[in-house]
Amino acid sequence: MTDRSLAICRFASGSLILDVGCGHGVTLEHIGREQQAVGIDLSQALLGQARQRAPSLWLTRGQGEKLPFRSEYFDGVIFECALSLLENRSTGLHECSRALKMGGKIIVSDLYARNPAGLPGLRSLSAPSCLRGCTSRDRLAADVVEAGFAIDLWEDHSYLLRDLVLELAWSCGSMKNFWRLVTGVDCTQAVQSVREARPGYFLLIGHKVAEQPGMGSE
């Protein structure tokens, strides 16, 4: 999915790309083979693991809702299963827009609810996760546009989610163990909530078309 995103965006060599929620730095390291890549994550533990694996990575600790970078700094921003983990998605998108140059690209791959009526069930899950933080396609698209972006592409890749769930269930020993691990609640509640919301997996690519109010050099 990362390779597909980069191929569509066609960043010039040496472009500066921010990976929000970079975690262990796998995507960041991959991007850095062709571009200048910066990673930010709130977890000190994950950043430490990223540094151990690849000491040359450019890593910063911080929040997606308050990026510690000056305005119009990046050519692209990537959220790989990270936008749904932000406490405030709208604030994070506005911060992304602020930090991007005009025309800069936003790339989001994440979960969404194909049946929005099932979202209350996902919100009731106790553990923070992509499932609890996902939203509908229409709501997400509206938030992206409101933050100053034009949407260039939306693709559904839910088949990848299905394959991933099967792999994770296998590695956890059972579906029951998997759901307990990712949701922190009883398997029966998690399965019911997920079945109703029918989560899908999407790729969204857009570009910045509008200045953020009050934005200036920092």
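As shown above, the structure is provided for reference.
No experiment lies behind these values; they were computed from the predicted model shown. (Residues numbered from 1 in each chain as written. Predicted model: local features only at pLDDT ≥ 70, side-chain atom pairs only at ≥ 80, totals over all residues. Heavy atoms only, no water.)

Draft legend 1. Highlighting empty space enclosed by the protein. One pass over the full model with this rule turns up one cavity of 30 Å³ or more. Looking at the largest cavity, its volume works out to about 60 Å³. In terms of lining residues, the largest cavity is bounded by 13 residues, among which Ser 84, Leu 111, Thr 135, Leu 140 and Phe 202 are the most central. Going through the elements one at a time, β5 (100–113) and β6 (135–136) are the ones with two or more residues in the lining of the largest cavity. Sorting elements by how many residues they give to the lining of the largest cavity places β5 first, with four residues. Here the residues of the lining of the largest cavity sort into seven nonpolar, four polar and two charged. (1 Å grid on protein atoms, 1.4 Å probe; cavity = no way out; pocket = protein on both sides within 12 Å on 5 of 7 lines; lining within 4 Å. Points joined across faces, edges and corners; volume = space filled by probe spheres on them. Helix = DSSP H or I, 4+ residues; strand = E, 2+ residues; numbered from the N terminus. Nonpolar A, V, L, I, M, F, W, Y, C, P; charged D, E, K, R; others polar.)

Draft legend 2. Region of the structure containing the state of the cysteines. With the rule as written, the count across this model stands at zero disulfides. Not part of a disulfide, Cys 130 finds its nearest cysteine sulfur in Cys 81, a span of 4.5 Å. On the basis of relative accessible area, Cys 130 is assigned to the buried category, the value being 17%. (Disulfide = S-S within 2.5 Å. Buried < 20%, exposed > 50% of the residue type's maximum accessible area, 1.4 Å probe, protein only.)

Draft legend 3. Structural view of unusual backbone geometry. Unusually for a residue other than glycine, Arg 10 sits at a positive phi of about 50 degrees. Within the element layout of this structure, Arg 10 appears in the loop between α1 (2–9) and β1 (16–20). Exposure remark for Arg 10: the relative accessible area of 72% places this residue in the exposed category. Although it is not a glycine, Arg 198 adopts a positive phi angle of roughly 50 degrees. Judged by its relative accessible area of 42%, Arg 198 is partly exposed.

Draft legend 4. Examining the packing of helix α4 (residues 89–99) against helix α7 (residues 137–146) more closely. Contact pair α4 / α7: the axes reach a minimum separation of 9 Å and the direction vectors enclose 40 degrees. It follows from the interaxial angle that α4 and α7 lie oblique. In this structure, α4 crosses over α7, and the sense of that crossing is right-handed. Here Arg 89, Ser 90, Leu 93 and His 94 of α4 come into contact with α7, specifically with Arg 139, Leu 140, Asp 143, Val 144 and Glu 146. For the contact of α4 with α7, the per-class residue count stands at three nonpolar, two polar and four charged. (Axes fitted to C-alpha atoms, helices over the stretch in contact; angles between N-to-C directions. Parallel < 35°, antiparallel > 145°, perpendicular 65-115°, else oblique. Left-handed = near helix turned anticlockwise from the far one by under 90°. Contact = heavy atoms within 4.5 Å.)

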